[in-house]
Amino acid sequence: DTIGPSLKCNKVLSIFCFYHFCVSAGAGGWSPIISDRYQWLEVDLGERTKITAVATQGRYGSSDWLMSYLLMFSDTGHNWRQYRQEDSIGSFPGNSNADSVVHYKLQQPAIARFIRLIPLDWNPNGRIGLRLETYGCPYTSDVVSFDGGSSGLLYWLTSGLKRTSRDVVTLKFKALRNSGTLLQAEGQEGLSLSLELERGKLLLLTSSTEPQRLVSLGSLLDDQHWHHVAVERRGSHLNLTVDKHTERVQIPAEFSHWSIEQLSLGAVQSEVSQKPVTSKKNFNGCLENLLYNGHNLIELAKNKKQQVTISGNVTFSCAEPVSVAVTFTGPESFLQLPGTTMSSSGGVSIGFQFRTWNKKGLLLSFELPQQGGVAWLYLSEARLQLQIHKSGRALLELSAGQSKANPKHLQIHRSTVKLLEPITRIDSSQASPSFPVTVESHLFFGGKTQFSYGSQKCRNLFSVFQGCMRLFTVDNQNLDLIKVQEKQLGNYSNLQIDICGIIDRCSPSPCEHGGPCSQSWTVFHCNCSDSGYSGATCHSSVYEQSCEAYKHNGNTSGHFYIDVDGSGPIKPQLVYCNMTGDTTTLTDPFTTINSQHLLRPFTGVNQYSIHFDYSSEEEQLLAVIKQSEHCEQELSYHCKMSRLLNTPEGSPLSWWFGGPGAGRVQTYWGGAQPGSQQCACGLQGDCVDLQHYCNCDADRMETEDSGLLTHKESLPVRSLVLGDIQRPGSEAVYRVGPLQCHGDRNFWNAAFFDKETSYLHFPTFHGELSADISFLFKTMASSGVFLENLGIKDFIRIELSSSTQVVFSFDVGNGPLEVRVESSFPLNDNRWHRVRAERNVKEASLRLDELPVATQEAPADGHFHLQLNSQLFIGTASRQKGFRGCIRSLQLNGVTLDLEERAKITPGVQPGCPGHCSSYGSLCQNHGRCVERANGFHCDCNLSAYTGVFCQTEVSASFKSGTSVSYTFKEPYEMSRNSSALPSSIYSDMTLRGENVSLSFRMNQSPALLLYVSSYYREYLAVLINKHDKLEVRYKLDSSRDTEVLRSKVRNLANGQLHTVSIRRLTDSVSANSCALPLDPHCSLHILYLAHFLSPESDDLDADLSRLASLGFTGCLSVVHFNTISPLKEALLRPNSSPVIITGPLAQSNCGSAASANSYSAENTHHLSGEKWRRHLTCVIAVVIFVIVTALAITARFLYRRKDTYRNKEVKGVNQEDSQDFPFNNQADSQNLSTENPKEYFI
């Protein structure tokens, strides 16, 4: 027969607190007759004991031993509690033979009188066999019990209890009810702190001007087991510990110098505040070892000391009712109990209590044989539902309760089913006669439907119940589940009896950064939607760490959230990122700064003190300053009879505070050095009075001292104190500018590993529960280990396993796990690739560049602490193949490792890594050129018609009727004379073999002349919008021939919308007389007009063109580009240095943007195909923005042709498909062109 449930053993206590249990059930150890998972060995230690370790051994001289087992502990022999390692692993490793001893030290000692060992697996070639030893020491305690009514203790904290600024209260409690006040501490002015149990959670509350909940910890604390609580107050902070979990909170400021005068336990009492006590539930349960600053308060109460007042029924022992629970763990778990006939009251009553995490599940089912039906009691969306079915029809449906499975406040719920006779049949049409109800069959709790009625098997329509039940009653008679366990009553399968094995997977919450946690029986879920973080536990930030990172993702200036420490505790913050400079600039948007304030004398005021508040939190500001390459903040003082620093030798009359916290006193001003007691003019030696080091200190005129504060240790400015403003006539205006930080020290921090044996080492990586690793790499090697950190058994490693695969591998004690990402393209292409790996208690993930994330789930009941002890190696120092290449911006849990600094002192590794344009060059748009830098790159937009950090911002201008811009070229003979000294770009631009022209325009007038070009030989080209709102090109290439006209088929070009024109031409034939030959005087530009022009050289213009020219052009031109020259950009951005002349009003605007504010500026794209243009000219006119470029390109083409060619050759059209883009190797440096004998290009 099975031994147990209890086993009496002799007890031997050695000097090492060693217990040895003798088993007489067979020779050499315990071995039950039947070997299955329903056997157990239970040991009664006789008293509560502190158990620290267990040891197991197989049965002597046999092949019987345990391979794994569970440990249970109890104070009463009932209501067992399973011991778990790391809160997740329930099983213990056993033996591999009958002779060796396996010793296991408990991570947390267990306090219990009873031990129960349950076999899980044993030698398949033998039976269950065990010799057991436990290690521990006697446990003593003082206990007090409260009945939940008027019983309570009141302690007056006299001087004998040594009140200090540090208060510590520790206790253990066992609750018999899920709500009640454990403890309340009161002090002066009615201030109080209280510990309250609410729905099984422990709350820390304050009562001051308004009651406030500071923190909530724990869950399922009403399970009738002991729980440890510690409250420690130090100044304005308080630590609350429940069992193994601690949370630090900040208490209200009024508690900073608060001292406790009385403590109430059990029933809440107040004789200090003289206020009526708020009606609260008093605590029902037991307290143990209550200590206040080391003083045993329960012992004081037992000895009836005078500072203790006892009220009500207080006992100094802990008696608890015996309650046997059962745990349903899965679909095969069910409990079968006998039914009953109808009672004398004419019905039947079934009752039980349950608790669960799941919102769905079948609780109870039974047959109604006389009615030929079946009854189901189940949970649906956290509400109780009762259904009675017959022949597939619902006769009765009832719903009751609300949120019976609340993941935030898990409670024990009482469900009672009373079936009284008569019951009325319910169907959709009408009521039918009533019928009697009897329950003669079995009652099935949990599991699947275990019965059938008629010839039909009941379909199980309900989810499986997973949770705990207890206090079963049938007709108000309690059912003894111990008899069920001993096979004397009913039946069961896969149940845990006399234990509630429910686990709160959300306490403490595995969700980081405030993500709400929810759970089912088996898994938890983190809702990261509003947290700013992502992943299974909301660990990794969704934001970049700096403006620099946003810039290299292709973003332009704007407001962004940055998270300076990634997955660390610092919250994301909103900043403005200016991407237009060589380095990105971060500006903190704050409220009280960046404005000027006028100060005048005020009666009774000798000093003005101004404090500045920033929108970012303290830790956010300091982290940004530390991370940035350079920070600055403007500080200026405009004064009139108001001295500043009282230089050269006097005590400063004004000063400021800057740096961390409240800041340190600073006695220098903007533009000077820390500690100098000078202003910028003193450092530069140009103060208005050289005897002083500040302009304002001369005290004789209205002047100013201003400059930038750049010493990072003194930033940001916290407050100003201005002293010399009380004299009659004194005036002062101060200004503190916004904090601006430039660059990112971490983003470009890189190291180059030139050998496979090269490595860097850092301190051990600590990522026990969650770890994220991110970095960028580039290499030409096909494999290598990026980094690894080893432990005794655990490890973590990221490697390039092949030219297309990255592997993230680790072991936390459950065996090695791997996450792999395969790329469709080679990774050893000497381009930067980004790796992001994360491991948490739920899963591991790996992301490579923008490829889909690969994940690997963690075992549900396994180890989850990553325990490493070696150094962290970048590269590898083991036998693995090392990495050859560059690693950049390496971050572990949001902390950047300084690779460059470590590389400076490590052989085989070089700091920094050049060659960024291969990866980031594509960010430079519109013919912008990527230029390498030591740390990063920048886009050179000199050859582009655009500007901006990535040459993506269009350059647009609004033209009035009298506006023109001229761009100057050289005379042909000047070019010929100085050809040896000319740059090839100028030579190329004046001897065209092709054109690449583009521009955009927006206009409402018609007709209008857009462009006019003339040569030295009275040839010309004109581009206009005719009276039919069509594009028209007129050219005369020979003075002896008539003007030729080309017209587009696109209408309505003068409609206020944006139109774009682009022209590309490559000469398809060149003859000896072609105008493309170099230095031909007949192919030189004379003058080119866009928009309005009045010139004596236009006397030969026909009357129609003269009339249009006098009207000018009113509208917008944008992105004008002619080969390598951008005349509009030169005119707007460098009007004083470039070879341009501006006439009339010219205003830069965003009119060339498709999104600009124009009610009719919807962006439409048209193509001017149409006419086959002559003389080997390939023109592709795409109408969206600028018609003017078309004219410009055509003009250039015609003006560079030899006149003889036009006279003698047939005009031929070239199709658009035949025109291919081609590189222009020669680039014009427009700023170096001489102004001597100029020819002009007008817009």
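- You'll find the protein entered in an unreviewed UniProt entry as Contactin-associated protein-like 4, with Maylandia zebra given as the organism.
- Under Sequence similarities (unreviewed entry), UniProt gives the following word-for-word description of the protein: "Belongs to the neurexin family."
- The UniProt entry for the protein carries this comment under Subcellular location (unreviewed entry): "Membrane".

### Considerations on the overall build of the protein
Stage number 1. If you tally the helices and strands in the protein, you get 13 helices and 85 strands.
Stage number 2. Counting over 1243 residues, the protein shows a buried share of 55%.
Stage number 3. Approximately 54100 Å² of the protein is accessible, and the part contributed by carbon and sulfur atoms is 48%.

### Side note on the state of the cysteines
Stage number 1. Using the criterion set out here, one finds 14 disulfides in the structure.
Stage number 2. The disulfide that involves cysteine 917 links it to cysteine 930, with 1.9 Å between the sulfurs. Between cysteine 917 and cysteine 930, the disulfide has an S-S torsion of -90° and is therefore left-handed. You can see cysteine 917 sitting in helix 7 (residues 917-920) and its partner cysteine 930 sitting in strand 69 (residues 929-933), a full 13 residues away along the chain.
Stage number 3. The exposure class assigned to cysteine 917 is buried, which follows from its relative accessible area of 18%.

### Overview of the sheet that holds strand 23 (residues 334-337)
Stage number 1. Here seven strands make up an open sheet; going across it, the order is 28-27-26-25-32-23-37 and the pairing antiparallel. Every interior strand has two partners, whereas the edge strands, strand 28 (393-400) and strand 37 (491-493), have only one. Pairs of neighbouring strands in the sheet enclose a mean axial angle of 15°, with direction left out of account.

### Some details on the pairing of strand 19 (residues 284-292)
Both faces of the sheet carry side chains from a regular strand, because those side chains alternate between them.
Stage number 1. For strand 19, the tally of buried residues reaches seven of nine residues, placing the bulk of the element in the interior.
Stage number 2. In the sheet, strand 8 (residues 143-147) pairs with strand 19 via five bridges, with the strands oriented antiparallel. Looking across to strand 19, one finds that valine 143 is bridged to glutamate 288.
Stage number 3. Note: strand 10 (residues 166-175) against strand 19, six bridges, orientation antiparallel. Across the sheet, residue threonine 170 finds its bridge partner in strand 19, namely leucine 291.
Stage number 4. Inspection of the sheet shows strand 19 paired to strand 20 (residues 295-296) by two bridges, in the antiparallel sense. Bridge pairing in strand 20 places tyrosine 292 opposite histidine 295.

### Observations regarding unusual backbone geometry
Stage number 1. Following threonine 647, the chain continues to proline 648 via a peptide bond in cis, the omega torsion being 5°.
Stage number 2. Serine 1006 connects to proline 1007 through a cis peptide bond whose omega is -5°.
Stage number 3. Checked against the element boundaries, proline 1007 lands in the loop between strand 73 (994-1003) and strand 74 (1008-1015).
Stage number 4. A positive phi angle, near 65°, is found at glutamine 224, a position not held by glycine.
Stage number 5. Tracing the backbone through its elements, the reader meets glutamine 224 in the loop between strand 14 (212-217) and strand 15 (227-234).
Stage number 6. On the accessibility criterion, glutamine 224 (9% relative accessible area) is buried.
Stage number 7. A positive phi angle is found at histidine 927, which is not glycine, with a value near 70°.
Stage number 8. One can find histidine 927 in the loop between helix 7 and strand 69.

### A look at the sheet that holds strand 50 (residues 664-666)
Stage number 1. Here we have four strands laid out as an open sheet, ordered 47-52-49-50, and antiparallel in their pairing. Strand pairing shows two members of the sheet lacking a second neighbour, strand 47 (608-611) and strand 50, which therefore form its edges. Averaged over neighbouring strand pairs, the angle between their axes works out to 20° when direction is ignored.
Stage number 2. Direction of pairing for strand 47 relative to strand 52 (residues 717-722): antiparallel, over a ladder of four bridges. By the bridge assignment for strand 52, tyrosine 608 is matched with leucine 722.

### Focus: the layout of surface pockets
Rolled over the atoms, a probe as big as a water molecule pinpoints where empty space is left.
Stage number 1. Taken as a whole, the second largest pocket spans an internal volume of roughly 1300 Å³.
Stage number 2. Along the wall of the second largest pocket there are 49 residues; nearest its centre are Glu544, Arg834, Arg836, Asp849 and Glu850.
Stage number 3. The set of elements that each furnish at least two residues to the lining of the second largest pocket consists of strand 42 (540-541), strand 57 (771-778), strand 62 (833-839), strand 63 (843-848), strand 66 (885-892) and helix 7.

### Re empty space enclosed by the protein
Stage number 1. Evaluated as defined, the whole model comprises nine cavities of 30 Å³ or more.
Stage number 2. Each pocket or cavity is described by its volume, and for the largest cavity that value is around 140 Å³.
Stage number 3. Around the largest cavity, the lining is made up of 15 residues, and of these Val169, Ala185, Leu193, Val231 and Ile260 lie nearest the centre.
Stage number 4. Sorting the residues of the lining of the largest cavity by element identifies strand 10, strand 11 (180-187), strand 12 (192-198), strand 15 and strand 18 (260-266) as the ones contributing at least two each.
Stage number 5. Of the residues assigned to the lining of the largest cavity, the class counts are twelve nonpolar, one polar and two charged.

About the cut-offs
- Residues numbered from 1 in each chain as written.
- Predicted model: local features only at pLDDT ≥ 70, side-chain atom pairs only at ≥ 80, totals over all residues.
- Heavy atoms only, no water.
- UniProt positions renumbered as here; feature names shortened; annotations may be inferred.
- Helix = DSSP H or I, 4+ residues; strand = E, 2+ residues; numbered from the N terminus.
- Buried < 20%, exposed > 50% of the residue type's maximum accessible area, 1.4 Å probe, protein only.
- Areas by Shrake-Rupley, 256 points an atom, 1.4 Å probe, with all protein chains shown as cover.
- Disulfide = S-S within 2.5 Å.
- Pairing = 2+ DSSP bridges.
- Axes fitted to C-alpha atoms, helices over the stretch in contact; angles between N-to-C directions.
- 1 Å grid on protein atoms, 1.4 Å probe; cavity = no way out; pocket = protein on both sides within 12 Å on 5 of 7 lines; lining within 4 Å.
- Points joined across faces, edges and corners; volume = space filled by probe spheres on them.
- Nonpolar A, V, L, I, M, F, W, Y, C, P; charged D, E, K, R; others polar.

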